[in-house]
Amino acid sequence: MPSTPETILPPLVECAVDTERHVAAAGWDQAPRLFAIARNAGLLAREPALAAQLGAAAADGLSTIEQEGLAPTSSLESMLGRLAWPPEVDGVALAVERLVVPPDAENDLPTDAENAAEALAAHPDRQDVRLLVAVLRDGASVCLLRQRAHDADDKVAIGQDIAPGLVEALRATLTA
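A few points on the structure. (Residues numbered from 1 in each chain as written. Predicted model: local features only at pLDDT ≥ 70, side-chain atom pairs only at ≥ 80, totals over all residues. Heavy atoms only, no water.)

### A look at the overall build of the chain
Applicable threshold: Helical segments are the DSSP runs of H or I of at least four residues, strand segments are the runs of E of at least two, and each set is numbered from the N terminus. Only protein chains enter the calculation, and the probe is 1.4 Å; a residue is then buried if its accessible area is under 20% of its type maximum, exposed if over 50%, and partly exposed in between. Two residues qualify as a contact provided that any one of their heavy atoms is within 4.5 Å of a heavy atom in the partner residue. Here the Shrake-Rupley method, with its probe set to 1.4 Å, supplies the accessible areas, and only the displayed protein chains count as covering residues. Note that His is not counted, nor are the chain ends; the positive residues are Lys and Arg, and the negative ones are Asp and Glu. Throughout, a charge is located at the NZ atom of Lys, the CZ atom of Arg, the CG atom of Asp or the CD atom of Glu.
Check the secondary structure of the chain and you find six helices and six strands. When its helices and strands are written in sequence order, the chain yields α-β-α-α-β-α-β-α-β-β-β-α. Seen along its three principal axes, the alpha-carbon backbone of the chain occupies a region of about 55 × 40 × 25 Å. Buried positions account for 36% of the 176 residues belonging to the chain. Taking as baseline every contact in the chain between residues at least 6 positions apart, the subset at least 24 positions apart corresponds to 64%. Only carbon and sulfur atoms are counted for the fraction: they give 54% of the accessible area of the chain, which is about 10,100 Å². Taking the average location of the 13 positive side-chain charges in the chain and that of its 27 negative ones, the two points are 4 Å from each other.

Following this line, the structure appears as C-alpha cells:
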C-alpha cells in the first residue's frame, strides 16, 4: 500500500511496510530476519551520528535495525524463547517465509516430521508466503503477508490477526 499525502499510516504500519519492502528486495528463499524497532527521537538522542541516515524521518516515527548474524535454527519458537530486548528497544519485527496448504492437505500426512514436510512441499496447492510481524511494547501489532504467486508491493495483505501465534511469541520477547 503506497503512502500518499492522502494516506496517513500509523507509525508501526508505515515502519512494517518499509521493512517488508526492504526484505522483499532481497528476493525469496531467505532465512528468518529479525529487526529491533526504535522510535526515531530515541535513536537520535542515543546515536546523533544517525541523523544523516534518518534524514527527514518524523521524530515520532519508527525505524528498524536489522539484527545481523542471526544463528540458523531449526526451531523458530526455540530461538524466540531465548530472545530478550533492552529497554531502548521499543519493539521487534520478524520476517519469515512459510509454506501454506489448504486445511484438507494435512489429513493424510505421514506421521514423521521430515516426510510430512516433503509431502506438504510437493502439494500442488501449496503457497509460498512471507510474513512480517511487528509488535511494540505498548501492545500494538501488525502483520503483513506477501505471496510468492502475487509478488508485488500493492498485493501485500495487512492485518492484525494474520499470525496471532507469532504476534504473541514476539510480544513475549519484549517482557521483562
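So that's the structure; there's more coming.
### Re the layout of surface pockets
The criterion, for reference: Note on definitions: the grid is 1 Å and covers protein atoms alone; a cavity is a set of points where a 1.4 Å probe fits but cannot get out; a pocket is an open set with protein on both sides within 12 Å along at least five of seven lines; lining residues have an atom within 4 Å of a point. Grid points are joined across faces, edges and corners, and a volume is the space filled by probe spheres set on the points. Residues are grouped as follows: nonpolar covers Ala, Val, Leu, Ile, Met, Phe, Trp, Tyr, Cys and Pro; charged covers Asp, Glu, Lys and Arg; every other residue, Gly included, is treated as polar.
One number sums up the size of the largest pocket: a volume of about 330 Å³. In terms of lining, the largest pocket is formed by 17 residues, of which the most central are Glu-14, Cys-15, Asp-18, Leu-62 and Ser-63. When residues of the lining of the largest pocket are traced back to their parent elements, those giving at least two are helix H1 (11–24) and strand E2 (62–66). Partitioned by chemical class, the residues of the lining of the largest pocket number seven nonpolar, six polar and four charged. In this model, the second largest pocket occupies a volume close to 270 Å³. Residue lining of the second largest pocket: 14 residues in total, with Ala-31, Pro-32, Thr-73, Val-96 and Arg-98 positioned closest to the centre. Per element, the largest residue contribution to the lining of the second largest pocket is three residues, and it comes from strand E3 (residues 91–100). For the lining of the second largest pocket, the per-class residue count stands at seven nonpolar, four polar and three charged.

### Overview of unusual backbone geometry
Phi at Asp-29 is positive, roughly 65 degrees, even though this residue is not glycine. By relative accessible area, which is 63% here, Asp-29 ends up exposed.

### What about the nonpolar core?
Note on soluble globular proteins: their nonpolar side chains tend to be buried together. To be explicit about the condition: Buried residues of nine kinds, namely Ala, Val, Leu, Ile, Met, Phe, Trp, Tyr and Cys, make up a nonpolar core once their side-chain atoms join them within 4.5 Å.
In terms of nonpolar packing, the biggest core is built from 21 residues, with Val-133 and Leu-166 touching the most fellow members. At the level of elements, strand E1 (33–39), helix H4 (76–81), E3, strand E4 (127–136), strand E5 (141–147) and helix H6 (164–173) are the ones that each hand at least two residues to this core. A per-element tally of this core places E4 first, with four residues. Beyond its immediate chain neighbours, meaning those up to four positions away, Val-133 contacts Val-92, Ala-93, Leu-94, Val-142, Cys-143, Ala-163, Leu-166, Val-167 and Leu-170.

### Section: the pairing of E4
Here is the rule: What makes two strands pair is DSSP finding at least two bridges between them.
Within E4, eight of the ten residues are buried, which leaves the element mostly enclosed by the surrounding structure. In this sheet, E4 lies alongside E3 in antiparallel orientation, the contact comprising ten bridges. Bridge assignment links Ala-93 to a residue of E4, and that residue is Ala-134. Pairing of E4 with E5 involves seven bridges; the strand directions are antiparallel. The partner of Ala-134 across the bridge, within E5, is Val-142.

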